Amino acid sequence: MYRIGVDLGGTNIVTGVVDEDFRIVGKGTVKTRKNSSEEVIIDDIKQSIKMAVSSAKIDWSEVKCIGIGTPGTVNIKDGIIEYASNLDFDNTPIKKIIEDEFHIPTYIENDANCAALGEALAGAGNGVENFMAITLGTGVGAGIVIGGKILHGCNNAAGEIGHMVIKFGGERCTCGRRGCWETYASATALIRQTQDAMSRNFDTIMWDMVSEDIRKVDGTTAFEAMRENDLVAREVINNYIYYVAVGIVNIINIFQPEILCIGGGIGSEGESLLSPIRYYVKNERYSIYAKQQTYICAAVLGNDAGVIGAALLDKQFEE
């Protein structure tokens, strides 16, 4: 049997047919028509599902279920997208709509949770019971798997770890609070920190790397310059990694997952990021003398994590 996973993103709707070995055997991709009605976007979801099944060359009778990962707030029990800020969804009963179309059991989940589930079951998690996936991107997102199940909280909003405060009275976050982890540890924060350092130091090679245009700075600029032994970049990265590590120590102290993986654009920096984080965590975690410790690693599924996780949502409803 096969499962279908849909990753509803702000740029693309990516759908995959996933086999029993968690491999994507067929894909369908449709551009997300933002600023369109929910009816238009749902029609595009249906189209991407049909494209994926056609690509996989399977019969509809071989499809066990459909899972959809979406931004925003989700009522997983009733299959309703309650709100998605970048898409025109407002209490949209998407589960019913998709089931009425395809007559296949359908499950809905937040997209960050889907990515975490994908990594937990088919990627960096290796099927462990307690697992966390952190994404360092435009913001800081997370998915938390405890006892093999996604942690939702009473209102399906658990996991907003980017909005824990790590610096009292610090920089204002988009959420309205000050000093949130996201304002210091996201890729957006790293870009701002890099630009601030460059504006104070005109002898750093980072100016050459961006052709003297500070607007071209991205999340890799300081890492690349650091590897060229640029002292300004090294200071930027050291400070940034400290902020990331402070949040990770907090998370480990609270949840003590067996594995914690880091993904997103910054997560692709590999050991340049992971090695110093492990050092900070080793020295600052509360469980310093415990025999078993959280293993920190990079996410491995990349952009496929959300698709695979969505396809496996039915497992969350198994007793």
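Refer to the structure printed above.
Please read all numbers here as calculations on a predicted model, not as lab measurements. (Residues numbered from 1 in each chain as written. Predicted model: local features only at pLDDT ≥ 70, side-chain atom pairs only at ≥ 80, totals over all residues. Heavy atoms only, no water.)

### A short note on the overall build of the chain
Counting secondary structure elements, the chain contains eleven helices and 13 strands. A compact globule built from 319 residues should have a C-alpha radius of gyration of about 20 Å, and the chain, at 21 Å, falls within 12% of that. In terms of overall dimensions, the chain has a C-alpha envelope of 60 × 50 × 35 Å along the principal axes. Burial status across the chain gives 49% buried among its 319 residues. (Helix = DSSP H or I, 4+ residues; strand = E, 2+ residues; numbered from the N terminus. Rg over C-alpha atoms; globule rule 2.2 N^0.38 Å. Buried < 20%, exposed > 50% of the residue type's maximum accessible area, 1.4 Å probe, protein only.)

### Brief notes about the pattern of salt bridges
Within this structure, the stated rule accounts for 16 salt bridges. Across the pair Asp304 and Lys27 runs a salt bridge, and its minimum N-O distance is 3.0 Å. With Asp304 in the loop between β13 (295-298) and α11 (305-311) and Lys27 in strand β3 (residues 24-31), the pair connects residues that are 277 residues apart, well separated along the chain. Judged by its relative accessible area of 28%, Asp304 falls in the partly exposed class. Among the salt bridges present, the one from Asp100 reaches Lys96, with a minimum N-O distance of 2.8 Å. Highlighted residues: Asp100 and Lys96, both in helix α2 (residues 94-102), separated by four residues, approximately one helical turn. (Salt bridge = Lys/Arg side-chain N within 4 Å of Asp/Glu carboxyl O.)

### A few points about the sheet that holds β3
Pairing in this open sheet of five strands is mixed, and the strands run β3-β2-β1-β4-β8 from one edge to the other. Edge strands, defined here as strands with exactly one partner in the open sheet, are β3 and β8 (106-110). Averaged over all pairs of adjacent strands, the angle between their axes in this sheet comes to 15 degrees, without regard to strand direction. Along the sheet, helix α1 (residues 38-56) contacts β1 (2-8), β2 (12-18), β3 and β4 (63-70); its crossing angle with β3, the most-contacted strand, is approximately 150 degrees. (Pairing = 2+ DSSP bridges. Axes fitted to C-alpha atoms, helices over the stretch in contact; angles between N-to-C directions. Contact = heavy atoms within 4.5 Å.)

### What about helix α3 (residues 111-122)?
Here α3 is twelve residues long and its end C-alpha atoms lie 16 Å apart, about the 16 Å a rise of 1.5 Å per residue gives. Where α3 is concerned, the buried positions are Asn113, Cys114, Ala116, Leu117, Gly118, Glu119 and Ala120. You can read the cap of α3 off the contacts: a side-chain oxygen lies 2.9 Å from the backbone nitrogen of Ala112, and it is on Asn110. (Expected span 1.5 Å × (residues − 1). Polar contact = N/O pair within 3.5 Å; in protein donor to acceptor, adjacent residues only side chain to side chain.)

### With respect to α1
Between its first and last C-alpha, α1 extends 27 Å over 19 residues, near the 27 Å set by a 1.5 Å rise per residue. Residues of α1 that are buried include every one of Glu38, Ile41, Ile42, Asp44, Ile45, Lys46, Ser48, Ile49, Ala52, Val53 and Ala56, and no others. Of the residues flanking the end of α1, it is Lys57, one or two places downstream, whose phi is positive at about 60 degrees.

### A closer look at the sheet that holds strand β12 (residues 259-263)
On the basis of which strands lie adjacent, the open sheet formed by five strands has the order β11-β10-β9-β12-β13 and mixed pairing. Taken across any chain shown, the strands that pair with only one partner, and hence form the sheet edges, are β11 (149-150) and β13. As judged from the two bridges shared by strand β10 (residues 140-146) and β11, these two strands associate in the antiparallel manner. Bridged to Val145 within β11 is Ile150. Packing of helix α10 (residues 271-284) onto the sheet brings it into contact with β9 (131-136), β12 and β13, and relative to β13 it is tilted by some 165 degrees.

### Examining the environment of Ile13
Along the polypeptide, Ile13 turns up in strand β2. Between the alpha carbons of Ile13 and Thr70 there is a distance of 9.7 Å; along the sequence they are 57 residues apart. Look past the residues within four positions of Ile13 in its chain and what remains in contact with it is Val6, Asp7, Leu8, Gly28, Thr29, Val30, Thr32, Ile41, Asp44, Ile45 and Ser48.

### Examining a negative patch on the surface
A contiguous patch of negative charge on the surface is contributed by Glu39, Asp43, Asp88 and Asp90. Positionally, Asp43 belongs in helix α1. On the basis of relative accessible area, Asp43 is assigned to the partly exposed category, the value being 44%. (Patch = residues over 30% accessible without salt bridge, like charges linked within 9 Å, V, L, I, M, F, W, Y side chains within 5 Å. Areas by Shrake-Rupley, 256 points an atom, 1.4 Å probe, with all protein chains shown as cover. Lys, Arg positive; Asp, Glu negative; His and termini not counted. Charge placed at Lys NZ, Arg CZ, Asp CG, Glu CD.)

### Quick word on the packing of helix α5 (residues 187-200) against helix α8 (residues 231-255)
Interhelical geometry of α5 versus α8 gives an angle of 145 degrees and a closest axis separation of 10 Å. For the crossing formed where α5 meets α8, the hand is right-handed. Within the contact between the two elements, α5 uses Ala187, Leu190, Gln193, Thr194 and Ala197 and α8 uses Val232, Val236, Ile237, Tyr240 and Tyr243. Tallied by class, the residues present in the contact of α5 with α8 amount to eight nonpolar, two polar and no charged. (Left-handed = near helix turned anticlockwise from the far one by under 90°. Nonpolar A, V, L, I, M, F, W, Y, C, P; charged D, E, K, R; others polar.)

### Observations concerning the nonpolar core
Counting 41 residues, the largest nonpolar core has Trp181 and Ile248 as its most contacted members. Counting residues per element, the ones that place at least two in this core are β9, β10, α5, α6 (206-209), α7 (221-226), α8, β12 and α10. Among the elements that line this core, the one with the most residues is α8, at eleven residues. Other than its neighbours up to four places away in sequence, Ile248 contacts Ile134, Trp181, Leu260, Ile262, Ile277, Val281 and Ile296. (Core = buried A, V, L, I, M, F, W, Y, C linked by side-chain atoms within 4.5 Å.)

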